[in-house]
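Architecture and fold: a report
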Amino acid sequence: MKTLVKASIVALSAGILLGGSALADSAPKKKPGFFEQLFGSSGDTTPRRHRNLFGSFKDDPFFGSDPAPQKPGRGKVQIVDSADPEADPGFGMGNLTYVPPKLATLSGIALSGAAPTDPAAAAIYAQLGADGPSLRVLPAARDALLAQYAAQSYRPIWLADGKLTARGKDVLKLLAASAADGLEPQTYLPTGLSGFDAALPENDAAAMARLDIDLSAAALRYAHDASGGQFDPALLSRYHDLQPPWVAPAKAIKVVANSPFAADYLASLNPTHPAYLAMKKALAELRAEQSKPNANPIADGDLVKKGGSDPRIEAVRSRLAELGFEATPADDAEPDVLDAELSVQLRLFQKQVGLKVTGVLGPQTVAALNNAATGGSVDKLLDNMERIRWLPRDLGARYVFVNQAAFEAQVIRDGKPEWETRVIVGKPTTQTPVFNDEMEMVVFNPSWGVPPSIIANEYLPKLRRDPAYLDRLGFKVVTPNGKVVSSSSVSWDSYGAKVPYGIQQPPGEKNALGELKFLFPNTHDIYMHDTPMRELFAQDVRAFSHGCVRVQNPREFASVVLGWSPDEVAAKVETGVSETVRLKQKIPVHLTYFTAWPDAAGNIVYFNDIYGRDKPIENARSATMVAQR
């Protein structure tokens, strides 16, 4: 009951203080390369052309074109896509070198007005104006803190009679224990203390005033990190389009300065999503395990190349699986053989830990596997706890959740999976972005407007050889004034990069969008859709598109989001007519990227970091530790 009352007071305090919430053609087969081993074959070995970041094109049997959306009109309309963002070159891998934001000091500040007469307030005023070391904060936090001190005539926030209050001690304890939430306690340590358990300088008025200022700064830094993450996701990847729910510094300082339960308020800013709590629990268990010696190390031995056998292979396979690098052997494979799939997973692991990428089991790889038995998983948990902080605190009572790293989409209702399916996401060079939006409509039997880049670079060479090529495919050729003409009537040899004709693929079983597409209009022109290339869903790693998300069971998905029976969906599809149906109620859509996520039982499952986004977060942690001291 005391806990309930306390929690109620914390919530009430925040509400009162803040005035609201505190919070086709065949080609000869060839041996697959490393990329194809990692991401599989598209099932179509026709040489295709793709554009790199500099706008040039080259043949590549792996990269294909994927259709993309346009904003449909209302009601019963014919949908013809006019653009294909999935033909865009994307940003390559898109990962960025994190540059910590500039921080502001809380000393050497020119304060207006005379110094207060109260001794404790005068000491605070003097410390803010004096030169000296201080905990540095974001400029917005500095401004909020100075405004709060000025509003209360520079009286201490955490001191009483020259000593740290119980409120202050509780906040210090919270900051000291912040590692449990995947944060770094040292970044919140006031400059006057050598450690959280160090003796307080209670006989030194100036030192205690500095402690009051730095503890306020630490509380604001913690509020920022707990509520929306330590790092701006836009500074880590060009494919991040997120607005983390950071609490405003002015709101946070107002609460902590006035609430009797400041530590409880700060703790409440952490995510409460079940996945976060599961990761927090797993983090504690892994760290406890880290303190113990490795009871089952992989033994040293001879170098093992692909195709070679060794009795340690089963242990290697098991250890990789623990780290999220699944390499299931074929049913007829020898368990002691380092097969092609295991070699691929070794390469991924070696790249992640900074070893030479060979796919070979050698002494350095063995040592790294032993060292990463828990450490690698700890890093992944820290990375993904940070990602959860970027999510909206309220995902919706019912929402679509796509985890790109797991190649899975779910519809979640009241916190529980209602429906799930396999999905295909963007290739590493044309990744599916991470963002949140709302699904508004479902398009039955969509048409596809072929992008100009694909017309010029894929279709034009074929049309020069065979002008009737598009007629046989059943595509429409449209003049600039909207007239439909036969492709055989066009002199395709007359055109180069700019072709003054549109090409449309009408609805049908071979349409690149399949039977259905699911629209949540956004600046990225990304959406979910069916595909005629259903065989790709059998692949374990399904990174084949140019950014859009392909759904394995689109009819089921339509039934779920529209609330229709399977027969109603089937009847609409079987008309063969393009029709847009608006959802009665928009459904939040969260396109996410988590390399660790709990299963239904709450056990953490680790996934391959197909886009290499974990390392930038880990580098950011290191850079931030240096920048913030």
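Residues numbered from 1 in each chain as written. Predicted model: local features only at pLDDT ≥ 70, side-chain atom pairs only at ≥ 80, totals over all residues. Heavy atoms only, no water.

Focus on the overall build of the protein
Summing up its helical and strand segments, the protein has 17 helices and 20 strands in all. Across the 629 residues that make up the protein, the buried fraction comes to 51%. Looking at the protein as shown, the accessible area adds up to about 28,500 Å², and 54% of this sits on carbon and sulfur atoms. (Helix = DSSP H or I, 4+ residues; strand = E, 2+ residues; numbered from the N terminus. Buried < 20%, exposed > 50% of the residue type's maximum accessible area, 1.4 Å probe, protein only. Areas by Shrake-Rupley, 256 points an atom, 1.4 Å probe, with all protein chains shown as cover.)

A word on the sheet that holds strand E11 (residues 476-478)
Taken in spatial order, the 4 strands of this open sheet run E10-E13-E11-E12, and their pairing is antiparallel. Bordering the open sheet on either side are strand E10 (448-450) and strand E12 (484-485), each of which pairs with just one other strand. Examined bridge by bridge, E11 and E12 share 2 bridges and lie antiparallel to one another. Following the sheet pairing, Val 477 is matched in E12 by Val 485. (Pairing = 2+ DSSP bridges.)

As for the confidence of the model for the protein
Low pLDDT marks stretches whose predicted atomic positions should not be read closely. Averaged over all residues, the pLDDT of the protein equals 85, while 84% of them reach at least 70. Of the regions scoring below 50 in pLDDT, residues 1-5 engages in 0 contacts with residues more than four places distant in sequence or in other chains. Counting interchain partners and residues more than four positions distant, the pLDDT-below-50 stretch residues 8-12 has 5 contacts. (pLDDT = per-residue confidence, 0-100. Contact = heavy atoms within 4.5 Å.)

Some points on the pairing of strand E6 (residues 398-403)
Counting buried positions over the 6 residues of E6 gives 6, a clear majority of the element. Residues Arg 398, Val 400 and Val 402 line one face of E6 and the alternating positions Tyr 399, Phe 401 and Asn 403 line the opposite face, and both faces are buried. Here E6 pairs with strand E7 (residues 408-413) via 6 bridges, running antiparallel. Looking at the pairing, Phe 401 lines up with Gln 410 of E7. Hairpin geometry of E6 and E7 is characterised by an intervening segment of 4 residues between the two adjacent antiparallel strands and by a positive phi of about 55° at Phe 407.

Re the pattern of salt bridges
A full pass over the atoms with the stated rule returns 20 salt bridges. In this structure, the salt-bridge partner of Glu 515 is Arg 555, at a minimum N-O distance of 2.8 Å. Of this pair, Glu 515 sits in the loop between strand E13 (502-505) and strand E14 (516-519) while Arg 555 sits in helix H15 (residues 554-562), placing them 40 residues apart in sequence. Of the residues examined, Arg 555 reaches a relative accessible area of 30% and is grouped as partly exposed. (Salt bridge = Lys/Arg side-chain N within 4 Å of Asp/Glu carboxyl O.)

Quick look at empty space enclosed by the protein
The method is simple in principle: a probe with the dimensions of a water molecule rolls over the atoms, and the space it marks as empty is what remains. Looking at the largest cavity, its volume works out to about 80 Å³. Around the largest cavity, the lining residues are His 240, Leu 242, Arg 387, Trp 390, Leu 391, Val 434, Thr 592, Tyr 593 and Phe 594. Across the lining of the largest cavity, the residue classes break down as 6 nonpolar, 2 polar and 1 charged. (1 Å grid on protein atoms, 1.4 Å probe; cavity = no way out; pocket = protein on both sides within 12 Å on 5 of 7 lines; lining within 4 Å. Points joined across faces, edges and corners; volume = space filled by probe spheres on them. Nonpolar A, V, L, I, M, F, W, Y, C, P; charged D, E, K, R; others polar.)

Regarding unusual backbone geometry
One non-glycine residue, Ser 153, lies in positive phi territory at about 55°. The phi angle at Asp 525 is positive, at roughly 55°, despite the residue not being glycine. Tracing the backbone shows Asp 525 in the loop between E14 and strand E15 (528-529).

With respect to the side chain of Asn 403
Relative to the helices and strands, Asn 403 is located in strand E6. Residue Asn 403 is classed as buried on the basis of its relative accessible area of 4%. Here the side chain of Asn 403 touches Phe 594 through a polar contact of 2.9 Å, landing on its backbone nitrogen. With sequence-adjacent residues up to four places away left out, Asn 403 is seen in contact with Glu 408, Thr 592, Tyr 593, Phe 594, Trp 597 and Phe 607. (Polar contact = N/O pair within 3.5 Å; in protein donor to acceptor, adjacent residues only side chain to side chain.)

Some thoughts on the packing of aromatic side chains
Per the counting criterion, the structure on display carries 18 aromatic pairs. Consider the rings of Tyr 495 and Tyr 501, whose centres lie 6.0 Å apart with planes at 75°: the pair is edge-to-face. A relative accessible area of 23% places Tyr 495 in the partly exposed class. In textbook terms, an aromatic cluster arises when at least three aromatic residues are bridged by ring pairs, as seen for Tyr 399, Phe 401, Phe 594 and Trp 597. Directly above the ring of Tyr 593 sits Arg 613, whose terminal nitrogen or CZ lies 4.7 Å from the centroid. (Phe/Tyr/Trp six-rings, centres within 6.5 Å; stacked < 30°, edge-to-face > 60°. Lys NZ or Arg CZ within 6 Å of the ring centre and 35° of its normal.)

Digging into the pairing of E7
Bridge count for E7 against strand E8 (residues 416-426) is 6 bridges, and the pairing is antiparallel. Bridge pairing in E8 places Glu 408 opposite Arg 422.

Concerning helix H5 (residues 166-176)
In an α-helix, one turn spans 3.6 residues; hence positions three or four apart end up facing the same way. Turning to H5, its buried residues are Arg 167, Gly 168, Val 171, Leu 172, Leu 174 and Leu 175. Taken around the axis of H5, the buried residues stretch over an arc of 160°, which confines them to a single face. Facing away from the buried surface of H5 by more than 90 degrees, the exposed residues are Ala 166 and Lys 173. Buried residues along H5 sit in contact with strand E5 (163-164), helix H6 (205-228), helix H7 (249-258) and helix H8 (262-268). (Arc of directions from axis to C-beta.)

Let's talk about the nonpolar core
Residues Met 439, Met 528 and Phe 557 are the most contacted members of the largest nonpolar core, which totals 92 residues. Per-element accounting of this core gives the leading share, 7 residues, to helix H9 (residues 274-290). Formed by 50 residues, the second largest nonpolar core is a distinct cluster that contains Val 137, Trp 158, Leu 159 and Ala 263. (Core = buried A, V, L, I, M, F, W, Y, C linked by side-chain atoms within 4.5 Å.)

Examining helix H3 (residues 119-129)
Looking only at H3, the buried set comprises Ala 121, Ala 123, Ile 124, Tyr 125, Gln 127 and Leu 128. On its buried side, H3 packs onto helix H4 (139-151) and H6. The N-capping residue of H3, defined by a side-chain oxygen 3.2 Å from the backbone nitrogen of Ala 120, is Asp 118.

What to know about the packing of H4 against H6
Between two packed helices, both the angle of their axes relative to each other and the distance between the axes serve to describe the pair. Closest axis-to-axis distance for the H4/H6 pair is 10 Å, and the angle between their directions is 130°. Taken together, the axes of H4 and H6 are oblique relative to one another. As for how H4 packs across H6, the hand of that crossing is right-handed. Note on element contacts: H6 touches H4 through Asp 212, Ile 213, Ser 216, Ala 217 and Leu 220, opposite Ala 141, Leu 145 and Tyr 149. Residues that form the contact of H4 with H6 fall into these classes: 6 nonpolar, 1 polar and 1 charged. (Axes fitted to C-alpha atoms, helices over the stretch in contact; angles between N-to-C directions. Parallel < 35°, antiparallel > 145°, perpendicular 65-115°, else oblique. Left-handed = near helix turned anticlockwise from the far one by under 90°.)

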